[in-house]
Each structure stands twice: as C-alpha cells, then as structure tokens.
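Read off the chains here:
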Amino acid sequence: MRLLLFAACVALYCAGADAWVGRVGSAVRSGFDSAREAVGSAVDRTREAVQGTGDMYRAYSDMREAQWRNSDKYFHARGNYDAANRGPGGRWAAEVISDAREGYQGALSGHGEEDTRADQEANRWGRNGGDPNRYRPRGLPNRYR
C-alpha cells in the first residue's frame, strides 16, 4: 500500500513538474518568437528607411537634373510618395528628410516661409498617398515619372 501511495505521489509530482516546465518552456519559446519577430520588424523598417532615402535622393537628383520651372513641388510629392510606399520605415525617412530640408531651407537659404509651407504641403500630400501628378508641371518630360 505504501508503495502504491509513493508511486501515486511521484506520478502527481512529475505531472505537476512537467506541466510547470511545459508552461515555462512555452513562455521561453514564445519569448524567442517575439524577439525574432521584433528583430525581423526592425530589419524590415531599416530596409524600408534605406530604400525610402534612395527614393528621396532620386527625386532630388531628378529635380536638379530637370531644371524645370515650377517643378519642385512635384518632386517633393513624388519623393515622399515613393518613399512612403516602401512601408513605415520609408515613411519615417521621408518625413525626417523633408523636415530637415525644409528646416534648413526656411532658416538659412533665404527662401520664404510661404515657399516652405507649400513644400511641406506637397511633402505631406505625397507621404499620405496623394498622387504626385497633382503638382506636375505641364511639359515636364515623361522620364521624370
């Protein structure tokens, strides 16, 4: 009888320990999965930001190359639009770059506050998914799409 009682206690103890270890193991596994997702998300956002920075640079270099009158708002909107379409990282990069550029332009370059405000409107328009062609001047060559 004592042997049966001892065996029952050992079985209950092992079952309880197994359940506890199972919960701990599940929590550890879940923690690793969460960490893997967080790292993957950070890598995705970084990739999007780098690609979005490239989109902003391409729009800027196209604007400099085109030298087309009244086209700057179009290139602002297009750069922000392309970058934001990369994802949250691209959107973040577009916002940071646009704000830095407009901060510099407004403070040091001598362009007026009204021009800065209009540029920021075009930046927001593109970043929020608005069609950049709203700002496209007539006659701008198709290569700048």
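Residues numbered from 1 in each chain as written. Predicted model: local features only at pLDDT ≥ 70, side-chain atom pairs only at ≥ 80, totals over all residues. Heavy atoms only, no water.

Undergrad: Mind laying out the packing of aromatic side chains, listing which residues take part and the relevant values?
TA: Following the criterion strictly, the structure yields 2 aromatic pairs and no others. When the centroid spacing of 5.1 Å and the interplanar angle of 65 degrees are considered together, the rings of Tyr74 and Phe75 count as edge-to-face. Exposure remark for Tyr74: the relative accessible area of 2% places this residue in the buried category. Arranged with centres 6.0 Å apart and planes meeting at 85 degrees, the rings of Phe75 and Tyr144 form a pair that is edge-to-face. Separated by 69 residues along the polypeptide, Phe75 in helix H2 (residues 72–84) and Tyr144 in the segment after helix H4 (113–127) bring together distant segments of the chain. Tyr144 matches Phe75 in its accessibility class, with the two residues each being buried. One aromatic cluster in this structure is built from Tyr74, Phe75 and Tyr144. The ring centre of Trp125 lies 4.0 Å from the NZ or CZ of Arg134, which sits over that ring. (Phe/Tyr/Trp six-rings, centres within 6.5 Å; stacked < 30°, edge-to-face > 60°. Buried < 20%, exposed > 50% of the residue type's maximum accessible area, 1.4 Å probe, protein only. Helix = DSSP H or I, 4+ residues; strand = E, 2+ residues; numbered from the N terminus. Lys NZ or Arg CZ within 6 Å of the ring centre and 35° of its normal.)

Undergrad: Before we move on, could you go through the side chain of Asp62 and cite the residues and values that matter?
TA: Along the polypeptide, Asp62 turns up in helix H1 (residues 2–66). Those residues in contact with Asp62 that sit more than four places away from it in its chain are Phe75, Arg78 and Tyr144. (Contact = heavy atoms within 4.5 Å.)

Undergrad: Describe the confidence of the model for the protein, naming the residues involved and giving the relevant values.
TA: For residues with low pLDDT, the predicted coordinates do not support detailed interpretation. Per-residue pLDDT for the protein averages 83, and the proportion of residues at 70 or more is 74%. Across the protein, H2 holds the top mean pLDDT of 97, while H1 sits lowest at 72. Below a pLDDT of 50 lies the segment residues 7–21, which in the model reaches 0 contacts outside its immediate sequence neighbourhood of four places, other chains included. (pLDDT = per-residue confidence, 0-100.)

Undergrad: Provide a residue-level description of the packing of H2 against H4, including the pertinent values.
TA: Orientation of H2 relative to H4, taken along the N-to-C sense of each, is 35 degrees, at an axis distance of 7 Å. The crossing of H2 and H4 is right-handed. Contacts from Asp72, Lys73, His76, Ala77, Asn80, Tyr81 and Ala84 in H2 reach Asp115, Ala118, Asp119, Ala122, Asn123, Trp125, Gly126 and Arg127 in H4. Classifying every residue of the contact of H2 with H4 by side-chain character gives 6 nonpolar, 4 polar and 5 charged. (Axes fitted to C-alpha atoms, helices over the stretch in contact; angles between N-to-C directions. Left-handed = near helix turned anticlockwise from the far one by under 90°. Nonpolar A, V, L, I, M, F, W, Y, C, P; charged D, E, K, R; others polar.)

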